[in-house]
Amino acid sequence: MRPLRHICCGFLLLTVCAWAQTSYRRLVLKDGSYQIVTKYKVVHDRVRYISAERGGDWEELPANLVDWPATEKWAKDHAADVSASAPAEPPSSEEAAAIDKEEQAERADLAALTPQVAPGLRLPDSDGVWVMDTFQGGPELVELLQNSGDVNENRTHNVLRAAINPFGGTRQLIQIEGPRSKVQFHVSEPVVYVSIDPDHADGDLPEAEPSAHVVDTQGAGSVKDKNAHSSPSSRYAIVRVQTKRQTRVIAAMNVSMLGQVSESENIVATQAEVLPGRHWMKLTPKEPLSFGEYALMEILSPKEMNLSVWDFGVDPRAPESKNAITPIKGSY
């Protein structure tokens, strides 16, 4: 799992922050741009600065537009440079472009880790599956946890391989505890974002280790991949689950149609798009989802599927999802 970057902005509430007295500093903004400054200070929710290129009077911008971790990283990486005496003239635009080329690429990669999916709303820098929902007219990101039983405590992305075969009848292959998912979306076309490993090849997922856990699936045959990653080559489908008293089930008949993602009232194919930077895959259902209970299923190959699913429901009347990420006000 990629480490979470904790952004500490409590100091923005201070009345006056200490001066930054370096020769040249860089205020990196959340949109990837920056301001070259000779000094700056934070006053309440504003940042006041003197531009190294324009000079003259103080200028200011909202403090929440500044990417403080990136600003601090630049200052740390260039500590030796800024401790030296300042040049007689500010750097030319050509010199600045040459110096910043590599840094711009780094910033672009950092931005790709947390792409903006709505004004003021970015995906978190962590592995997992997140869904764009709308509650009372406002966009929200809600995390989907994988239903893997007691196979593994990690609930972001486990792989429990099983063959896709028409087992016949309505024999139940996958069973989910509880008659209703804890996660309920309020829109009929929720957009799903799945984290992927940009360094992983587009081929199959890693082979399961010889000691991988073997699970009895009534003849399906499956093994669990340890430390498996989401693959850019994986496909996903949304399957309507059947509610039976205190459980939800996915019948083998539905699973048998996943290989070709056969169209049916119980299966909705998704349109996949790998976002720039190859850190996230965006999944959009090809048709609206009606009221009810569903599971997001990963198709590893035309003959193999992942039995560990991400369950959710669609109910416009449901209360707001717990721990939802909402837009940052004033950041757009």
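Residues numbered from 1 in each chain as written. Predicted model: local features only at pLDDT ≥ 70, side-chain atom pairs only at ≥ 80, totals over all residues. Heavy atoms only, no water.

### A look at the overall build of the protein
Moving on, step 1. Looking only at helices and strands, one finds 4 helices and 23 strands in the protein.
Moving on, step 2. Scored against the burial criterion, the 332 residues of the protein give a buried share of 44%.
Moving on, step 3. On the protein, roughly 17,500 Å² of surface is accessible, and the fraction owed to carbon and sulfur atoms is 52%. (Helix = DSSP H or I, 4+ residues; strand = E, 2+ residues; numbered from the N terminus. Buried < 20%, exposed > 50% of the residue type's maximum accessible area, 1.4 Å probe, protein only. Areas by Shrake-Rupley, 256 points an atom, 1.4 Å probe, with all protein chains shown as cover.)

### Looking at the pattern of salt bridges
Moving on, step 1. The full count for this structure, using the stated rule, is 6 salt bridges.
Moving on, step 2. In this structure, the salt-bridge partner of Asp315 is Arg180, at a minimum N-O distance of 2.8 Å. Remark: Arg180 occurs in the loop between strand S11 (172-177) and strand S12 (184-185) and Asp315 occurs in the segment after strand S23 (309-314); sequence separation between them is 135 residues.
Moving on, step 3. With relative accessibility at 5%, the residue Asp315 sits in the buried group.
Moving on, step 4. For Arg180, a relative accessible area of 40% gives the class partly exposed.
Moving on, step 5. In this structure, Arg317 engages Asp315 in a salt bridge whose closest nitrogen and oxygen atoms are separated by 3.3 Å. (Salt bridge = Lys/Arg side-chain N within 4 Å of Asp/Glu carboxyl O.)

### Observations regarding the pairing of strand S1 (residues 25-28)
Moving on, step 1. Alternating positions in S1 separate into two faces, Arg25 and Leu27 on one and Arg26 and Val28 on the other, with burial throughout.
Moving on, step 2. Strand direction decides the pairing type here: S1 and strand S2 (residues 34-43), joined by 4 bridges, are antiparallel. Each bridged residue has a counterpart across the sheet, and for Arg25 the counterpart in S2 is Val37.
Moving on, step 3. Linking two consecutive strands that pair antiparallel, namely S1 and S2, is a turn of 5 residues; a positive phi of about 100° is found at Gly32 within it. (Pairing = 2+ DSSP bridges.)

### Brief notes about the sheet that holds strand S3 (residues 46-51)
Moving on, step 1. Spatially, S1-S2-S3-S4 is the arrangement adopted by the 4 strands of the open sheet, whose pairing is antiparallel. Taken across any chain shown, the strands that pair with only one partner, and hence form the sheet edges, are S1 and strand S4 (59-62). Within the sheet, the average angular offset between the axes of one strand and its neighbour, ignoring direction, is 55°.
Moving on, step 2. Direction of pairing for S3 relative to S4: antiparallel, over a ladder of 4 bridges. Bridge pairing in S4 places Val47 opposite Leu61.
Moving on, step 3. Contacting S1, S2 and S3, helix H1 (residues 68-77) crosses the sheet at an angle of about 160° to S1. (Axes fitted to C-alpha atoms, helices over the stretch in contact; angles between N-to-C directions. Contact = heavy atoms within 4.5 Å.)

### Some details on the environment of Leu144
Moving on, step 1. Relative to the elements of secondary structure, Leu144 occurs in strand S8 (residues 138-144).
Moving on, step 2. With a relative accessible area of 2%, Leu144 lands in the buried category.
Moving on, step 3. Excluding anything up to four places from it in sequence, Leu144 contacts Val129, Val131, Val183, Phe185, Trp310, Asp311 and Phe312.

### Notes on the packing of aromatic side chains
Moving on, step 1. In the structure shown here, the tally under the stated rule is 4 aromatic pairs.
Moving on, step 2. A ring pair is formed by Tyr40 and Trp68, whose centres lie 6.3 Å apart and whose planes are at 45°; its orientation type is tilted. Here Tyr40 is found in strand S2, whereas its partner Trp68 is found in helix H1, with 28 residues between them in sequence. A single burial state applies to Tyr40 and to Trp68, both of which are buried.
Moving on, step 3. Between Tyr294 and Phe312, the ring centres sit 5.8 Å apart and the planes meet at 20°, which makes this aromatic pair stacked. Note that Tyr294 is positioned in strand S21 (residues 292-301) and Phe312 in strand S23, a separation of 18 residues in sequence.
Moving on, step 4. The class of Phe312 is buried, set by a relative accessible area of 2%.
Moving on, step 5. Through pairs of rings, three or more aromatic residues link up here, namely Phe185, Tyr294 and Phe312.
Moving on, step 6. Lying across the ring of Tyr34, Arg26 places its NZ or CZ 4.6 Å from the centre.
Moving on, step 7. In this structure, Lys41 packs its charged tip against the face of Trp58, placed 5.6 Å from the ring centre. (Phe/Tyr/Trp six-rings, centres within 6.5 Å; stacked < 30°, edge-to-face > 60°. Lys NZ or Arg CZ within 6 Å of the ring centre and 35° of its normal.)

### Quick look at the nonpolar core
Moving on, step 1. The biggest cluster of nonpolar side chains holds 20 residues, and the ones touching the most others in it are Leu144, Leu296 and Phe312.
Moving on, step 2. Those elements giving two or more residues to this core turn out to be strand S7 (129-135), S8, strand S13 (191-195), strand S16 (235-240), strand S20 (280-285), S21 and S23.
Moving on, step 3. At 3 residues, S23 tops the list of elements feeding residues into this core.
Moving on, step 4. Contacts of Leu296, omitting those with residues within four sequence positions, involve Val129, Val192, Tyr236, Ala237, Ile238, Leu283, Val309, Trp310 and Phe312.
Moving on, step 5. Formed by 17 residues, the second largest nonpolar core is a distinct cluster that contains Ile164, Ala237, Ile299 and Leu307. (Core = buried A, V, L, I, M, F, W, Y, C linked by side-chain atoms within 4.5 Å.)

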